[in-house]
Every structure is written in structure tokens, then in C-alpha cells.
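Each chain, written out:
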Amino acid sequence: MTSSNASGQPLPLRLLGRLCRLAEWLAIVMLLVTAALVLAQVIGRNLFHTGLPVADELARYGGLGMIYLTVPLLLLQNKHITVDIFIAKLGPRARRVMDIINEALVLLFCVLFLWGGWLFLKRAGRFTTPALGMPNTWFYLPALTGLALLTLVALYRAVALLTGQRPEGDAAP
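What you are looking at is a predicted structure, and each value in this text was computed from that prediction instead of being measured.

Engineer: How do you make sense of the overall build of the chain when you look at a structure like this?
Structural biologist: Summing up its helical and strand segments, the chain has five helices and zero strands in all. Here the chain has a C-alpha radius of gyration of 20 Å; the compact-globule value for 173 residues is 16 Å, and the former is much larger. Dimensions of the chain, computed from C-alpha atoms along their principal axes, come out at roughly 65 × 35 × 35 Å. Across the 173 residues in the chain, those meeting the buried criterion constitute 34%.

Pasting the structure below:
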């Protein structure tokens, strides 16, 4: 049984919404840091004729984090780009079946990605990044965290569809 707050949202949706918002704020911080690092690189190269390998590596880390940490919120709010030419012509029952298949495919992708990521990090996790000496496990942590959160969001949406409910993702958590 799930409890609801004053807005009527079930507890799992509220918790997912909070986790996704936290991930969004981390991604925003990464965006700001990445922009500052890229600016520092441009200034360093053009004014001081020097490269900043640490800044380059951190900018890559920020870019990786920004993408993977924001994807779960987009799915939770149903804001991914969709092509619905075919689905729009279906009736409500067939559309619901297609929605369930879609969520099942997202879940399958997440599970395969997490499993592949685990296998990859079992080997690559022993090494460090070239400039910072950061363990690869930490470097890929935003991707794995984002995909784990995406898995939870897709699971919530699939369960909602399977129980005859419409995922409440259109409203911001």
C-alpha cells in the first residue's frame, strides 16, 4: 500500500521525484563547473599557450554526469522526445500495450547497460584516469547512478501501466 501526500502523489513517485531532482541539481553543478573549465582551457591555450589536462578530464566527467543524471527526470516527467505517428492512431487498449512494451524495452536497456557497466568496471575499475589519477570507478559513477535511477523510474512506470494506472510523470514531482 502506498501513502499519498496532499498533492495525491504516491510515496514511490515522491521519492523518485526527489532523487531525480537531486540528480538534476548535481547535473547543474556539473554544467557550471564544466563551463568554467572549458573557459579556463580556452584562456590557458590562447593567452598563456598552455594546456590544462586536468580541466579537460574534469570537463569530460562533467559532460558524462550531466547526461546520465538528467535522463531519469526526463523519463519521470515523460519529457523524452517521442515519435507517436503510429501510436496516435491506435485505440486506448493498443496504446496501453505499446506503452507497456516501451517501458519493458527501457527496463531491458537499463539492465543490460548496468550489467555491461559492471563487467566493464570489474576490469577498468583497477585503472585510474590519466590526468587526475581518479579511479575509473569514480569516473563512471554518474553514468551508473543515472542508469540505476532510470531503472527505478522505468520500473515505477511499468508497474503503474501494468496495474491499469497512467504514470503520473506528466506533472513535475
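Engineer: How do you make sense of helix α3 (residues 92-124) when you look at a structure like this?
Structural biologist: Every α-helix carries 3.6 residues per turn, so stepping three or four residues along brings you back to the same face. Taking 1.5 Å per residue as the helical rise, α3 with its 33 residues ought to reach 48 Å, and the 47 Å between its terminal C-alpha atoms agrees with that figure. Among the residues making up α3, those that are buried are Asp-99, Glu-103, Val-106, Leu-107, Cys-110, Gly-117, Leu-121 and Ala-124. Where the residues of α3 are buried, they touch α2 (53-76), α4 (136-139) and α5 (141-162).

Engineer: What should I look at first to understand the environment of Cys-110 in this one?
Structural biologist: Within the secondary structure, Cys-110 sits in helix α3. Judged by its relative accessible area of 0%, Cys-110 is buried. As a C-alpha pair, Cys-110 and Leu-26 span 84 residues in sequence and 21 Å in three-dimensional space. When neighbours within four sequence positions are excluded, Cys-110 is seen to be in contact with Leu-147, Leu-150 and Thr-151.

Engineer: For this particular structure, what's the right way to read the packing of α3 against α5?
Structural biologist: Two quantities define a packed helix pair, namely the angle between the axes and the distance from one axis to the other. Close contact between α3 and α5 brings their axes to 9 Å; oriented N to C, the two are set at 155°. Taken together, the axis directions place α3 and α5 in an arrangement best described as roughly antiparallel. When you trace α3 past α5, the crossing you get is left-handed. Together, Arg-96, Asp-99, Ile-100, Glu-103, Val-106, Leu-107, Phe-109, Cys-110, Phe-113, Leu-114, Gly-117 and Leu-121 of α3 and Leu-144, Leu-147, Ala-148, Leu-150, Thr-151, Ala-154, Leu-155, Arg-157, Ala-158, Leu-161 and Leu-162 of α5 make up the contact between the two elements.

Engineer: Sorry, what's going on with the nonpolar core here?
Structural biologist: Ranked by size, the top nonpolar core spans 26 residues in total, and within it Leu-16, Cys-20, Leu-75, Leu-76 and Val-153 carry the most contacts. No other element matches α5, which puts eight residues into this core.

Engineer: Could you clarify how one ought to interpret a nonpolar patch on the surface in this entry?
Structural biologist: On the surface, Val-97, Ile-101, Leu-105, Leu-108, Leu-112, Trp-115, Trp-118 and Leu-119 cluster together into a nonpolar patch covering about 830 Å² of accessible area. Note that Leu-112 resides in helix α3. Of the residues examined, Leu-112 reaches a relative accessible area of 46% and is grouped as partly exposed.

Engineer: What am I meant to see in the side chain of Asp-99 here?
Structural biologist: As for its placement among the helices and strands, Asp-99 is situated in helix α3. When neighbours within four sequence positions are excluded, Asp-99 is seen to be in contact with Leu-161 and Arg-166.

Engineer: Is there a simple way to think about the environment of Leu-69 in this case?
Structural biologist: Position of Leu-69 relative to the elements: it lies in helix α2. When its relative accessible area of 6% is taken as the criterion, Leu-69 is described as buried. For Leu-69 and Ala-143, which are 74 residues apart along the polypeptide, the C-alpha to C-alpha distance reads 7.1 Å. Sequence-distant contacts of Leu-69, that is, excluding residues within four places in its chain, are made with Ala-23, Glu-24, Leu-26, Ala-27, Met-30, Pro-142, Thr-145 and Gly-146.

Engineer: Help me out: how do you make sense of the packing of helix α1 (residues 11-47) against α2 in this one?
Structural biologist: Axis separation between α1 and α2 bottoms out at 7 Å; the angle between their running directions is 155°. On the basis of the axis angle, α1 is roughly antiparallel to α2. α1 and α2 meet at a crossing whose hand is left-handed. Taken together, the residues of the contact of α1 with α2 sort by class into 19 nonpolar, seven polar and three charged.

Rules of the game
Residues numbered from 1 in each chain as written. Predicted model: local features only at pLDDT ≥ 70, side-chain atom pairs only at ≥ 80, totals over all residues. Heavy atoms only, no water. Helix = DSSP H or I, 4+ residues; strand = E, 2+ residues; numbered from the N terminus. Rg over C-alpha atoms; globule rule 2.2 N^0.38 Å. Buried < 20%, exposed > 50% of the residue type's maximum accessible area, 1.4 Å probe, protein only. Expected span 1.5 Å × (residues − 1). Contact = heavy atoms within 4.5 Å. Axes fitted to C-alpha atoms, helices over the stretch in contact; angles between N-to-C directions. Parallel < 35°, antiparallel > 145°, perpendicular 65-115°, else oblique. Left-handed = near helix turned anticlockwise from the far one by under 90°. Core = buried A, V, L, I, M, F, W, Y, C linked by side-chain atoms within 4.5 Å. Patch = residues over 30% accessible without salt bridge, like charges linked within 9 Å, V, L, I, M, F, W, Y side chains within 5 Å. Areas by Shrake-Rupley, 256 points an atom, 1.4 Å probe, with all protein chains shown as cover. Salt bridge = Lys/Arg side-chain N within 4 Å of Asp/Glu carboxyl O. Nonpolar A, V, L, I, M, F, W, Y, C, P; charged D, E, K, R; others polar.

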